[in-house]
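Coordinates in review
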Amino acid sequence: MSLVKRWAAGSSMEDAIVAAKNCNLRGQRVILNRLGEEYTEENKINQVMEEYSNLLGRLYLEKVEGSISVKLSQLGLSISHDLCLKNLKSLVRRAKEFEKFVWIDMESSKYTDVTLMIYFEMLRCHRGIGVVLQSALRRSASDLLHLIEVGGIVRLVKGAYHENEQIAFTSPIEVKANYTKLLDIIFNSSHTITKVNNGDIKFAIATHDSYLVDYAIRLSRVSGFPKNNFEFEFLKGIRDDLKRSLVGQGFIVAEYVPYGDEWLSYSIRRLRERKRNLFLLARSLVLL
């Protein structure tokens, strides 16, 4: 676990709460995620449900400004659509009780259709829930237009899953170009995105790419889009300088903070995303 302390809070909920409070002290919101995915055993699914339920309660009691982000394959999607939907509804009811927002992480492309299907169904009864789109996927522009049409809340990421070129852009240049296209769609269609009832954000820009951050800022100024209606999101331990700068400029900034013991697949995706992360991992090995 020491190798990934830069990107994860620790192994326990207590570690996550400490990290969350530190985020708030820096003027940032927090997004907490319990590491894990692809659960096919009901006892593990029940455990993660209990964990997220307790986590929401702790965020409320500790007065932490933040939300949770879940993977549907943690909630039973690898077993059945119905089990996942039942668990997600239960979790969202709990979040509503504590006035907390729930993000649905987007997983590999095999889950894209069903994830969006479940999200659209959830939107019928609850607005305090958002979903992730990946600019790496060729379909994302179409998905984004549909989400805007129904008033969905979107977190835009580049994507860190290895996909084939039939469904995904494989060149970093293409992924970045598609991200700018999706930003154009969001800001040009911003008047159609429904504001959630609790005054939370309308969408999130999750990237460590300085060019894309600057591009989003320019679009927001041209469109006159209020700073408090969207947020920039970053992973724990990456671009702390940029986080501070954006907070200083009056933008909403949130840090995505995972925790738990199941860190291997998460860390591999972080390493795949940025060559610099390979250096960080090598450096941590030297310092052990």
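Residues numbered from 1 in each chain as written. Predicted model: local features only at pLDDT ≥ 70, side-chain atom pairs only at ≥ 80, totals over all residues. Heavy atoms only, no water.

1. Structural notes on the confidence of the model for the protein chain
Looking at the protein chain as a whole, its pLDDT mean stands at 88, while 85% of the residues score no less than 70. In the model, residues 195-199 has pLDDT below 50 throughout and makes 8 contacts with residues more than four positions away in sequence or in other chains. When the criterion is pLDDT under 50, residues 280-288 qualifies, and its contacts beyond four places in sequence or with other chains add up to 8 contacts. (pLDDT = per-residue confidence, 0-100. Contact = heavy atoms within 4.5 Å.)

2. Some points on the sheet that holds strand E4 (residues 129-134)
Spatially, the 8 strands close up into a barrel ordered E1-E2-E3-E4-E5-E6-E7-E8, and their pairing is parallel. Between one strand axis and the next, the sheet turns by 25 degrees as a mean value, whatever way the strands run. Set on the sheet, helix H1 (residues 13-25) makes contact with strand E1 (29-34) and strand E8 (252-259); between it and E1 the angle comes to about 160 degrees. Against the sheet, helix H5 (residues 140-149) engages E4 and strand E5 (153-157), with an angle of about 160 degrees to E4. (Pairing = 2+ DSSP bridges. Helix = DSSP H or I, 4+ residues; strand = E, 2+ residues; numbered from the N terminus. Axes fitted to C-alpha atoms, helices over the stretch in contact; angles between N-to-C directions.)

3. Thoughts on helix H7 (residues 210-223)
For H7, which comprises 14 residues, the first-to-last C-alpha distance of 20 Å matches the rise-based estimate of 20 Å (1.5 Å per residue) to within 8%. What H7 keeps buried is the set Leu212, Val213, Tyr215, Ala216, Ile217, Leu219 and Ser220. Elements in contact with the buried residues of H7: helix H6 (172-188), strand E6 (203-206), strand E7 (230-235) and helix H8 (240-248). At the N-terminal end of H7, a side-chain oxygen is found 2.9 Å from the backbone nitrogen of Tyr211, two or three residues along, and the residue is Asp209. (Expected span 1.5 Å × (residues − 1). Buried < 20%, exposed > 50% of the residue type's maximum accessible area, 1.4 Å probe, protein only. Polar contact = N/O pair within 3.5 Å; in protein donor to acceptor, adjacent residues only side chain to side chain.)

4. So, the packing of helix H2 (residues 42-61) against helix H3 (residues 81-97)
A pair of packed helices is captured by two measures, namely the crossing angle of their axes and the spacing between those axes. The interhelical angle for the contact between H2 and H3, taken along N-to-C directions, is 15 degrees, at an axis separation of 9 Å. In this view, H2 runs roughly parallel relative to H3, as classed from their interaxial angle. For the element pair H2 and H3, the recorded crossing hand is right-handed. Across from Ile45, Met49, Tyr52, Ser53, Leu56 and Gly57 in H2, the residues of H3 making contact are Leu83, Asn87, Ser90, Leu91, Arg94 and Ala95. Per-class residue counts for the contact of H2 with H3 are 7 nonpolar, 4 polar and 1 charged. (Parallel < 35°, antiparallel > 145°, perpendicular 65-115°, else oblique. Left-handed = near helix turned anticlockwise from the far one by under 90°. Nonpolar A, V, L, I, M, F, W, Y, C, P; charged D, E, K, R; others polar.)

5. Considerations on H1
Between the first and last C-alpha of H1 there are 18 Å, a value that for 13 residues agrees with the 18 Å anticipated at 1.5 Å per step. Within H1, burial applies to Met13, Ala16, Ile17, Ala19, Ala20 and Cys23. One side of H1 holds all its buried residues, which, seen down the axis, span an arc of 165 degrees. Exposed and facing more than 90 degrees away from the buried side of H1 are Val18 and Leu25. (Arc of directions from axis to C-beta.)

6. Section: the pairing of E8
When you tally the buried positions in E8, you get 8 out of 8 residues, the bulk of the element. Taking every second residue as pointing to the same face, both faces of E8 are buried, with Ile252, Ala254, Tyr256 and Pro258 on one and Val253, Glu255, Val257 and Tyr259 on the other. Where E1 lies against E8, 6 bridges are found, and the strand directions are parallel. By the bridge assignment for E8, Arg34 is matched with Tyr259. In this sheet, E8 lies alongside E7 in parallel orientation, the contact comprising 5 bridges. What sits directly across from Leu235, in E8, is Tyr256. Once the chain exits E7 it traverses H8 before rejoining the sheet at E8, and the crossover so formed is right-handed. (Right-handed = clockwise from strand over helix to strand, strands pointing away.)

7. Some remarks on the packing of H5 against H6
Where H5 meets H6, the axes come as close as 10 Å, and the angle between the chain directions of the two elements is 15 degrees. Taken together, the axes of H5 and H6 lie roughly parallel to each other. H6 is crossed by H5, and the crossing has right-handed handedness. Contact residues: H5 offers Ser140, Ala141, Leu144, Leu145 and Ile148, while H6 offers Lys181, Leu182, Ile185 and Ile186. Here the contact of H5 with H6 is built from residues that sort into 7 nonpolar, 1 polar and 1 charged.

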